[in-house]
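Breakdown of the fold
Below, each chain spelled out in residue letters.
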Amino acid sequence: MYELRDIQLFSKLSDAHVSEIKANSVVRSYAKESIVFYEGDRGEYLYIVIEGTVKLYKTSPKGTQIQINRFEAPAVVGEYACFERMPFPATCEFVTDGKMAMVPYDLIYKNLGDEEFSLEIIKSLTSKIMVLSALIHKETIFSSEAKVAKMLLENSEIFSKLKYNEIASILNLTPETLSRIFKKMKKEQIIEVDHHHHVRVLNPEALETVIESNKIKTCTNCIADFRKQMGME
């Protein structure tokens, strides 16, 4: 379990300030799938993930979850609501068992006069803006096939660590859609999946083409060129 001093946000504060924050903070344990706060709730705390992994998601009018991101300990969540003193813009749910440190808003405001602390606050908020920007780009520009291709290129090991339904949730796809895309990619010899469900990328160039074109079927020439380079034809 991480301590407050392990969090970048609090790393530059004096020992006295950190001790005061710890003394007035609350640490709670959560079981997997427990909700920390719902979209629209109003809070009085800044939330610090000190153990486990959480996901943040918004809910569409039809009840569909749109996952924004996942954060592993140590991580700060809820900064925007804290500083704007407004309802949380997303729901926070633990995807593992874990623990959360809850720091009262008043203690955060009290330390804003510390230059290093304020700088870390700005960095944290900026990083969340980048996360949101990436989400908007992914959801408005990328097709389902391109989403999968991008994850395979950037984080292929996740397919061996998580269940397919969890990966589908991260990509905001249905498990059926992810399965269909995998079948296409296997057919086109872009990837292979062993009996342990471990995924291996056979043709990264084809994945790049999927991202650029938003389609799998346009990879035919790319695959043929790859096979020639490998002496397979």
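Structure's up top.
What counts and how
- Residues numbered from 1 in each chain as written.
- Predicted model: local features only at pLDDT ≥ 70, side-chain atom pairs only at ≥ 80, totals over all residues.
- Heavy atoms only, no water.
- Axes fitted to C-alpha atoms, helices over the stretch in contact; angles between N-to-C directions.
- Helix = DSSP H or I, 4+ residues; strand = E, 2+ residues; numbered from the N terminus.
- Parallel < 35°, antiparallel > 145°, perpendicular 65-115°, else oblique.
- Left-handed = near helix turned anticlockwise from the far one by under 90°.
- Contact = heavy atoms within 4.5 Å.
- Nonpolar A, V, L, I, M, F, W, Y, C, P; charged D, E, K, R; others polar.
- Buried < 20%, exposed > 50% of the residue type's maximum accessible area, 1.4 Å probe, protein only.
- Pairing = 2+ DSSP bridges.
- Phe/Tyr/Trp six-rings, centres within 6.5 Å; stacked < 30°, edge-to-face > 60°.

**Observations regarding the packing of helix 5 (residues 144-155) against helix 9 (residues 204-213)**
- Between helix 5 and helix 9, the least distance of the axes is 8 Å, while the angle of their chain directions is 140°. Classed by the angle they form, the pair helix 5 and helix 9 counts as oblique. The handedness of the crossing between helix 5 and helix 9 is left-handed. The residues of helix 9 that touch helix 5, namely those facing Glu-145, Ala-146, Ala-149, Lys-150, Leu-152 and Leu-153, are Pro-204, Leu-207, Glu-208, Val-210 and Ile-211.
- Among the residues forming the contact of helix 5 with helix 9, the class breakdown is eight nonpolar, no polar and three charged.

**Regarding the side chain of Glu-145**
- Relative to the helices and strands, Glu-145 resides in helix 5.
- With relative accessibility at 13%, the residue Glu-145 sits in the buried group.

**Here's the deal with the sheet that holds strand 5 (residues 65-72)**
- The strand order 2-7-4-5 describes an open sheet built from four strands, whose pairing is antiparallel. Each edge of the open sheet carries a strand with a single partner, namely strand 2 (35-37) and strand 5. The mean inter-strand angle of the sheet, taken between neighbouring strand axes irrespective of direction, is 30°.
- By the bridge criterion, seven bridges tie strand 4 (residues 53-59) to strand 5 in an arrangement that is antiparallel. Counterpart to Val-54 in the pairing with strand 5 is Phe-71.

**Re the environment of Val-54**
- For Val-54, the location among the structural elements is in strand 4.
- Ignoring any residue separated from it by four or fewer positions in sequence, one finds Val-54 in contact with Val-49, Asn-69, Arg-70, Phe-71, Val-77, Cys-92, Glu-93, Phe-94, Val-95 and Met-100.

**Some words on the packing of aromatic side chains**
- One pass over the full model with this rule turns up six aromatic pairs.
- Between Phe-37 and Phe-88, the aromatic rings sit 3.8 Å apart at their centres with planes inclined by 15°, giving stacked as the arrangement. Linking Phe-37 in strand 2 with Phe-88 in the loop between helix 2 (79-84) and strand 7 (91-94), this pair joins segments that are 51 residues apart in sequence. Here Phe-37 and Phe-88 have matching classes, each one buried.
- With a centroid separation of 5.4 Å and an interplanar angle of 35°, the aromatic rings of Phe-159 and Phe-182 are classed as tilted. With a gap of 23 residues between them, Phe-159 in helix 6 (residues 158-161) and Phe-182 in helix 8 (residues 175-187) connect regions that are remote in the sequence.
- When its relative accessible area of 2% is taken as the criterion, Phe-159 is described as buried.
- Accessibility expressed as a relative area gives 3% for Phe-182, which makes it buried.

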